[in-house]
Amino acid sequence: MKSNSLMFALLSVVVSVVILCITHWIHKWRNPKCKGKLPPGSMGFPLLGETIQFFAPYRANNISPFITKKMERYGSIFKTNLVGHRLIVSTDAGFNSFIFQQEGKLFQCCYPKSFNEIAGRESMVSAEGFLHKYLRNLVMNLVGNESMKQKLIPKVEKMVCEHLQSWCGQASIELREAVAKMEFSFGAKILLSYSESKSSKNLKQAYADFQHGLISFPLNIPGTAYWKCLQGRKKAVEIIKSILEERRATPRKRQEKDFLDLVIEEIKKNGSLMTEAIALDLLFILVFAAFETTSIALTLAVKNVCEHPKVLEELTKEHEAILRNRKNIDSGITWQEYKSMTFTHTVIHETVRLANIVPGIFRKVLKDVDIKGYTIPAGWIVMVCPPAVHMNPKQYDDPFTFNPWRWQGQELNAGSQKFMGFGGGSRLCAGAEFSKLQMAIFLHHLVTKYRWRVIKGGDIIRIPAVMFPNGFHIQILEKNIQKDATTTESRETV
C-alpha cells in the first residue's frame with residue numbers, strides 16, 4: 001500500500017510539473033517578451049499559430065476576412081503567428097512606405113523557411129544586398145526598357161498574334177490556362193530556348209505540380225499539397241539543370257543569345273558571384289514568374305473589360321486610333337505607340353490594384369523599431385499587406401469598384417505608398433514593366449481584331465492566392481465574322 005501511495009504521489013508530482021511546464025510554455029507563446037509595448041493581437045495555438053485562419057478561402061475583390069477581423073479589433077498594425085513565425089502585420093500605408101525606405105537598415109527581405117524551400121535558398125527572392133543587386137541587374141538586361149524597345153516588342157507581338165489566331169473560332173477556351181501556356185512557352189524560350197514540342201522533358205508539367213501547392217499549409221508529408229509542390233520544384237530544377245549541363249558541354253554559336261547563355265558566361269568569369277546553385281534557383285524562379293502572375297493579371301483584365309462596356313469602348317477607341325495613325329496599318333507596335341496607350345495603362349494599373357496577386361510582403365526586423373507607441377522587436381517578421389491598402393476607402397474612392405479613370409492624370413509608378421501591386425522599395429519586381437508591356441500588346445490585338453463572349457466561369461476565390469475554381473471560359477471570334485452562339489450557356493458578347 002505504501003509503495004502504491006508513493007507511486008501515486010510521484011505520478012501526481014510529474015503530472016503537475018508537466019502541466020506547469022505546458023502552461024508556462026503557452027503563456028510565453030501568447031505573451032512574447034518585448035522591451036517596449038508590442039502591438040495588440042493574438043498568437044493563436046502553440047506551433048500552429050493562426051495559420052489555418054490565414055489560409056481560409058475567401059471571395060475575390062475583398063480583403064481577407066482574417067485581416068479584416070484583426071483590423072477591426074486591433075487597428076492597422078497587429079501581431080499574430082503564422083507557420084510558427086512571430087509576425088507583425090501592417091495594413092498602414094505610411095508604415096509600409098517606411099519599411100521599404102529602410103530596406104537594408106532596419107529591415108531586410110525575409111520569407112518563412114517553408115517559402116524559401118519552395119522558391120530556392122539561393123534564389124533572387126531570398127538574396128540580400130550586393131547579391132540581390134547583381135541578380136536584379138542580370139534580369140534587367142533581359143527585360144529592361146532597352147531590351148523591350150530593341151528586341152522584345154516584336155517577339156511579344158508575334159506570340160500574341162499567333163495564339164489569338166489559334167484560339168479564334170474554337171467553341172471555348174479556358175483563358176487562364178490558355179494564357180498561362182502562352183506565357184510559359186514564351187518565357188521558357190527567351191530564358192532557356194526550351195520548346196515543349198522539341199523536348200522530351202515536360203517542364204510545364206513539373207511547374208504545374210509546383211504551382212498547385214505553392215500557397216498551401218507547409219506540411220511536408222507525402223500526399224500533401226506542400227509535398228507535391230516540393231516534388232514539382234525538384235523535377236523542374238532537374239530539367240533545368242540538364243539543359244544547363246547540355247549547353248555547357250556543347251556550346252553553340254548563335255546570333256542571338258538567350259538568358260541561359262548569359263548565365264553560363266557569368267559562371268565562367270573569375271571571381272563571379274554566379275554559381276551553379278544560384279543559377280539554377282534564378283532560372284527556376286524566373287521561368288515561374290514569366291507565366292504565373294502575368295497570366296492571372298491578363299485574365300482578370302479581360303474579365304474586367306467584359307464586365308464594363310464603357311471601359312471596352314474607351315479601350316477600343318484608343319487602339320483603333322493607333323491603327324489609323326500608322327502609315328502602314330499592318331506594321332508592328334512601336335515603343336512610341338506603346339507609351340501612347342495612356343488609357344490602357346490605367347486599365348492595367350487598376351486591374352493589378354484589384355488583383356492583389358501578392359497577399360503579403362515579408363521583411364525581417366534587424367533592430368528594435370518604435371512605431372505609433374509600439375515596439376517591434378529585432379528578429380520578428382513584418383508582413384506588409386497590400387490588399388488592405390488597395391481596398392482602403394481612405395486611399396481610394398469606392399475601392400472595390402473597377403474604375404480605370406481614377407488613375408487619369410497620375411504618374412503610374414510600379415510602386416508607391418498607396419500602390420504595391422509589384423512590391424515596393426529597392427525590391428520592386430524587376431519584370432513589372434515587361435509584364436505591363438505584354439498585357440498592353442495582348443489587349444491591343446484583342447480589341448482591334450476580335451470580339452469575344454463569356455461562355456461560363458469567371459468566379460474567383462483566394463486561398464490567399466488568386467484561383468478560378470470554374471475557370472474563365474470564353475469564345476473568341478474575328479470582328480468581321482458573324483456567327484451564332486455555339487452554346488446555350490453563353491452569357492454575353494463583347
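The shown structure was predicted, so the numbers you read here are calculated from the model rather than taken from an experiment. (Residues numbered from 1 in each chain as written. Predicted model: local features only at pLDDT ≥ 70, side-chain atom pairs only at ≥ 80, totals over all residues. Heavy atoms only, no water.)

**Notes on the sheet that holds strand 3 (residues 85-90)**
Then comes step 1: As summarised here, the arrangement of the 5 strands in space is 2-3-9-6-4, forming an open sheet in which the pairing is mixed. If you trace the sheet from one side to the other, it starts and ends with strand 2 (77-82) and strand 4 (107-109), each paired once. Strand-to-strand, the axes of this sheet are offset by a mean angle of 35°, without reference to chain direction.
Then comes step 2: Looking at chain direction, strand 6 (residues 361-365) and strand 9 (residues 381-384) are connected through 4 bridges and run antiparallel. Looking across to strand 9, one finds that K364 is bridged to I381.
Then comes step 3: Each of strand 2, strand 3 and strand 9 touches helix 3 (residues 65-74); the most contacted strand, strand 2, lies at about 135° to it.
Then comes step 4: Against the sheet, helix 4 (residues 93-101) touches strand 2, strand 3, strand 4, strand 6 and strand 9, its axis set at about 120° to strand 9. (Pairing = 2+ DSSP bridges. Helix = DSSP H or I, 4+ residues; strand = E, 2+ residues; numbered from the N terminus. Axes fitted to C-alpha atoms, helices over the stretch in contact; angles between N-to-C directions. Contact = heavy atoms within 4.5 Å.)

**Some remarks on the side chain of T299**
Then comes step 1: Among the secondary structure elements, T299 is positioned in helix 12 (residues 276-307).
Then comes step 2: With residues near it in sequence (within four places) discarded, T299 still touches L175, R176, F468 and F472.

**Describing the packing of aromatic side chains**
Then comes step 1: A full pass over the atoms with the stated rule returns 22 aromatic pairs.
Then comes step 2: With a centroid separation of 6.1 Å and an interplanar angle of 85°, the aromatic rings of F54 and F66 are classed as edge-to-face. Remark: F66 occurs in helix 3 and F54 occurs in helix 2 (residues 51-54); sequence separation between them is 12 residues. The two residues F54 and F66 agree in class, both being buried.
Then comes step 3: Aromatic pair Y207 and F210: ring centres 6.4 Å apart, planes at 85°, arrangement edge-to-face. Residue Y207 and its partner F210 are located together in helix 9 (residues 203-212), separated by 3 residues, close to a single helical turn. (Phe/Tyr/Trp six-rings, centres within 6.5 Å; stacked < 30°, edge-to-face > 60°. Buried < 20%, exposed > 50% of the residue type's maximum accessible area, 1.4 Å probe, protein only.)

**Describing the pattern of salt bridges**
Then comes step 1: Applying the stated criterion across every chain, the model contains 22 salt bridges.
Then comes step 2: Linking K158 and E162 is a salt bridge whose minimum nitrogen-to-oxygen distance equals 2.8 Å. Of this pair, K158 and E162 both sit in helix 7 (residues 145-167), 4 residues apart, which is roughly one turn of the helix.
Then comes step 3: By relative accessible area, E162 is classed as partly exposed at 43%.
Then comes step 4: Notably, a salt bridge pairs R233 with D281, separated by 2.7 Å at the nearest N-O pair. Linking R233 in helix 10 (residues 225-249) with D281 in helix 12, this pair joins segments that are 48 residues apart in sequence.
Then comes step 5: Judged by relative accessible area, D281 falls into the buried class, the value being 7%.
Then comes step 6: One network of salt bridges, with partners in common, ties together K241, R248 and E276. (Salt bridge = Lys/Arg side-chain N within 4 Å of Asp/Glu carboxyl O.)

**Quick notes on the packing of helix 9 against helix 12**
Then comes step 1: Two elements in contact, helix 9 and helix 12, have axes separated by 12 Å at closest approach and are oriented at 80°. One way to sum up the angle between helix 9 and helix 12 is to call them roughly perpendicular. The segment helix 9 lies against helix 12, with Y207, F210 and Q211 engaging L283, F284, V287, F288, F291 and E292.
Then comes step 2: Residues belonging to the contact of helix 9 with helix 12 are distributed by class as follows: 7 nonpolar, 1 polar and 1 charged. (Parallel < 35°, antiparallel > 145°, perpendicular 65-115°, else oblique. Nonpolar A, V, L, I, M, F, W, Y, C, P; charged D, E, K, R; others polar.)

**Observations concerning the sheet that holds strand 11 (residues 461-462)**
Then comes step 1: Taking strand neighbours across the sheet as the criterion, the 3 strands line up as 1-11-12 in an open arrangement whose pairing is antiparallel. Looking at the sheet topology across the chains shown, the edges are occupied by strand 1 (58-59) and strand 12 (466-467).

**Details of the packing of helix 12 against helix 17 (residues 432-449)**
Then comes step 1: Remark: helix 12 packs on helix 17, axes separated minimally by 10 Å, with the N-to-C direction vectors making an angle of 35°. You can see that helix 12 and helix 17 cross each other, and the crossing is right-handed. Side by side, helix 12 and helix 17 meet where T294, A297, L298, A301 and V302 of the first sit next to S435, Q438, M439, F442 and L446 of the second.
Then comes step 2: Looking at side-chain class alone, the contact of helix 12 with helix 17 contains 7 nonpolar, 3 polar and no charged residues. (Left-handed = near helix turned anticlockwise from the far one by under 90°.)

**Focus: helix 8 (residues 175-192)**
Working note: α-helix, 3.6 residues per turn, so residues spaced by three or four point in the same direction.
Then comes step 1: Taking 1.5 Å per residue, 18 residues should reach 26 Å; helix 8 reaches 25 Å between its end C-alpha atoms and fits that length.
Then comes step 2: The buried count for helix 8 comes to 14 of 18 residues, which makes it a mostly enclosed element.
Then comes step 3: For helix 8, the side-chain oxygen to backbone nitrogen distance between the N-cap and R176 is 3.2 Å, and the N-cap itself is E174.
Then comes step 4: Two residues or fewer after helix 8 comes S193, characterised by a positive phi angle close to 55°. (Expected span 1.5 Å × (residues − 1). Polar contact = N/O pair within 3.5 Å; in protein donor to acceptor, adjacent residues only side chain to side chain.)

**Concerning the environment of I77**
Then comes step 1: Of note, I77 is situated in strand 2.
Then comes step 2: The exposure class of I77 is buried, given its relative accessible area of 3%.
Then comes step 3: Along the primary structure I77 and G41 are separated by 36 residues, whereas in three dimensions their C-alpha atoms are 8.7 Å apart.
Then comes step 4: Discounting chain neighbours no more than four positions away, the residues touching I77 are P39, P40, I88, V89, S90, D92, F95, I371 and K372.

**A word on the environment of I455**
Then comes step 1: Counting through the fold element by element, I455 comes out in strand 10 (residues 450-457).
Then comes step 2: Residues I455 and S172, spaced 283 residues apart in sequence, show a C-alpha to C-alpha distance of 7.0 Å.

**Quick notes on the side chain of H319**
Then comes step 1: In this fold, H319 is placed in helix 13 (residues 309-324).
Then comes step 2: Ignoring any residue separated from it by four or fewer positions in sequence, one finds H319 in contact with M341, T344, A440, H444, V447 and T448.

**Some words on unusual backbone geometry**
Then comes step 1: Phi at N356 is positive, roughly 45°, even though this residue is not glycine.
Then comes step 2: Assignment of secondary structure puts N356 in the loop between helix 15 (342-355) and strand 6.
Then comes step 3: Its identity as a non-glycine residue notwithstanding, D398 has a phi of 45°, on the positive side.
Then comes step 4: You can see D398 is positioned in the loop between helix 16 (386-390) and helix 17.

**So, the confidence of the model for the protein**
Then comes step 1: When the pLDDT values of the protein are averaged, the result is 87; 89% of them are 70 or greater.
Then comes step 2: At the low end of the mean pLDDT range in the protein sits strand 14 (residues 492-493), at 50; at the high end sits strand 5 (residues 173-174), at 97.
Then comes step 3: Segment residues 481-492 is flagged for pLDDT under 50; beyond a separation of four residues in sequence, or across chains, it makes 24 contacts in the model. (pLDDT = per-residue confidence, 0-100.)

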